[in-house]
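# Close look at the chain arrangement
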Amino acid sequence: QSTDIVNANQWNFVAFKWQLNGDTLNCTLYLNDKVYTGSTTSFMDFSSAKTAVGSLADGTNSIKGLLDQFIYYPKTLTDSDISSIYQEGRRSEER
């Protein structure tokens, strides 16, 4: 649980990764320079489900704002990979 605030109208970095290890789903959320982890054994298989970014799959409940530079990787990135992407984004935002 976090009390961190994501401020509107400024650059924020968000990354999410999940990895199945046996019957456990391990999840990591990266929010700017913070890392949050969790795991669960109670989850559904969504491998054949439709997914959406910025709203539900049917287009409802869309985000209010901009989603910029969305990237999907078909492999699990390392913590170092994600840190590098975050640092590069910070550098480009400061220019």
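The preceding data block contains the structure.
Below: a short report on this structure. (Residues numbered from 1 in each chain as written. Predicted model: local features only at pLDDT ≥ 70, side-chain atom pairs only at ≥ 80, totals over all residues. Heavy atoms only, no water.)

### Considerations on the side chain of Asn32
Selection rule: Helix and strand assignments come from DSSP, with helices taken as H or I runs of at least 4 residues and strands as E runs of at least 2, each series counted from the N terminus. Residue contacts are defined here by distance: any two heavy atoms, one from each residue, within 4.5 Å place the two residues in contact.
Locating Asn32 in the fold gives a position in the loop between β2 (24–31) and β3 (34–40). Every residue in contact with Asn32, bar those within four places of it in the chain, is listed here: Trp11, Asn12, Phe13 and Tyr86.

### What to know about the layout of surface pockets
Regions of empty space are outlined by a rolling probe, equal in size to a water molecule, passed over the atoms. How we decide: Two kinds of site are reported from a 1 Å grid over the protein atoms alone, namely cavities, where a 1.4 Å probe fits but cannot get out, and pockets, open sets with protein on both sides within 12 Å along at least five of seven lines, and residues are called lining when an atom falls within 4 Å of a point. Grid points are joined across faces, edges and corners, and a volume is the space filled by probe spheres set on the points.
Size it by volume and the largest pocket reaches roughly 2200 Å³. Taken together, 46 residues make up the lining of the largest pocket; nearest its centre are Val14, Ala15, Phe16, Phe70 and Ile71. Those elements that provide at least two residues to the lining of the largest pocket are β1 (14–21), β2 and α1 (79–94).

### Some thoughts on the sheet that holds β3
As a reminder of what qualifies: For two strands to be treated as a pair, DSSP must find at least two bridges joining them. Axis definition: a line fitted to C-alpha atoms, over the contacting stretch in the case of helices. Angles run 0 to 180 degrees between N-to-C directions.
Ordered by their spatial adjacency, three strands build an open sheet running β1-β2-β3, and the pairing between neighbours is antiparallel. In this open sheet, the two strands that pair with only one neighbour each are β1 and β3. In this sheet, neighbouring strand axes are inclined to one another by 15° on average, regardless of whether the strands run parallel or antiparallel.

### Concerning the pattern of salt bridges
Test applied: A pairing counts as a salt bridge when a side-chain nitrogen of Lys or Arg comes within 4 Å of a carboxyl oxygen of Asp or Glu. Relative accessibility decides the category of a residue: with a 1.4 Å probe and only protein chains considered, values under 20% of the type maximum give buried, values over 50% give exposed, and everything between is partly exposed.
The tally for this structure, following the rule as stated, stands at two salt bridges. With its nearest N and O atoms 3.9 Å apart, the salt bridge here joins Asp33 to Lys34. With relative accessibility at 55%, the residue Asp33 sits in the exposed group. When its relative accessible area of 37% is taken as the criterion, Lys34 is described as partly exposed.

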